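Read off the chains here:
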Amino acid sequence: MILMKDIVRDDQEGTVLRDYAAKVSFPLTEEEQQLAKDLMEYLEISQDEELAEKYGLRAGVGLAAPQVNVSKQMAAVLVPSDDEEDDTPIFKDVIINPVIISESVQMGALTEGEGCLSVDRDIAGYVPRHDRITLKYQDVQGETHKVRLKHYPAIVCQHEIDHLHGVLFYDHINKDNPFEAPEGTVFFG
Ligand SMILES: CC(C)(C)[C@H](NC(=O)Nc1cc(F)cc(F)c1)C(=O)N(CC(=O)NO)CC1CCCC1
Ligand SMILES: [Zn+2]
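Just so it is clear, the structure is predicted and the values come from calculations on it, not from any experiment.

**Describing the UniProt feature "active site" in the protein**
Part 1 of the argument: Under the UniProt annotation, "active site" lies at Glu-160.
Part 2 of the argument: Tracing the backbone through its elements, the reader meets Glu-160 in helix H3 (residues 151–164).

Structure, rendered in structure tokens:
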């Protein structure tokens, strides 16, 4: 089970957090299958208030393999439902070798800015991302998926794919004016 102590932080030396992760080949090894399970299990447990409290976990919507110091192109995403009538997650999958194959010109950003499980400090500023993307990825069975995402799920997937390229959210914040955003940016959250 992944705990906070297993999540590498950006101020630690000698981690793979800033590396470009390696593509994953199929079929997955036992170890890679276990990693995929562990990444998703972290998100599930962390989104359960009682369990998150019990294990001291920050509630997460995405967790990439490099964050547990494994430089492989794999990330779990669990965007919970925002509809109390239906608790089906908006997006839930382990995305392997993800590629954004198209993206909107229009940008989107969270009004509150972003944080990261691997960053222990608050860093203010807008993180402009594409508001809509078409994402191609393989699941743990090696099946290829092509999904169109917009707004929050699109933000989460771009944040996680960044991790696979050694990029952190604050790399995108405008140094001169952190609350600068491109013309037409959609703000939400
Ligand atoms: C950094 C942290 C604040 C822990 C953030 N959590 C989060 O957004 N919580 C959350 C949101 C919900 F909508 C429902 C819910 F159950 C919990 C997060 O997991 N990430 C993922 C991360 O760090 N991945 O590496 C940061 C988000 C910033 C924008 C996208 C992901
Ligand atoms: Zn992160």
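Once you've had a look at it, read on.
**Section: the nonpolar core**
Part 1 of the argument: Judged by nonpolar contacts, the single largest core of 22 residues is most densely connected at Ile-7, Leu-39, Tyr-42, Leu-63 and Met-74.
Part 2 of the argument: Among the elements of the structure, helix H1 (30–46), strand E2 (74–79) and strand E3 (91–103) are those that each provide at least two residues to this core.
Part 3 of the argument: Ranked by the residues each element gives to this core, the list is headed by H1, at seven residues.
Part 4 of the argument: Apart from residues no more than four positions distant in its own chain, Tyr-42 is found in contact with Ile-2, Met-4, Ile-7, Leu-57, Arg-58, Leu-63 and Leu-117.
Part 5 of the argument: Among the nonpolar cores identified, the runner-up in size contains 16 residues, and Ala-75, Phe-91, Leu-135 and Leu-149 belong to it.

**Digging into the coordination of the zinc ion (ligand 2)**
Part 1 of the argument: Protein-derived coordination of the zinc ion (ligand 2) comes from Cys-116 (SG), His-159 (NE2) and His-163 (NE2), at a distance range of 2.1 to 2.3 Å.
Part 2 of the argument: As a motif over one chain, the donors of the zinc ion (ligand 2) read C-x42-H-x3-H. One end of the pair, Cys-116, is in the loop between strand E4 (107–110) and strand E5 (129–130); the other, His-163, is in helix H3, and 47 residues separate them in sequence.

The rules behind the values
- Residues numbered from 1 in each chain as written.
- Chains lettered and ligands numbered in written order.
- Predicted model: local features only at pLDDT ≥ 70, side-chain atom pairs only at ≥ 80, totals over all residues.
- Heavy atoms only, no water.
- UniProt positions renumbered as here; feature names shortened; annotations may be inferred.
- Helix = DSSP H or I, 4+ residues; strand = E, 2+ residues; numbered from the N terminus.
- Core = buried A, V, L, I, M, F, W, Y, C linked by side-chain atoms within 4.5 Å.
- Buried < 20%, exposed > 50% of the residue type's maximum accessible area, 1.4 Å probe, protein only.
- Contact = heavy atoms within 4.5 Å.
- Donors = N, O, S within 2.8 Å, 3.2 Å for Na, K, Ca; no water.

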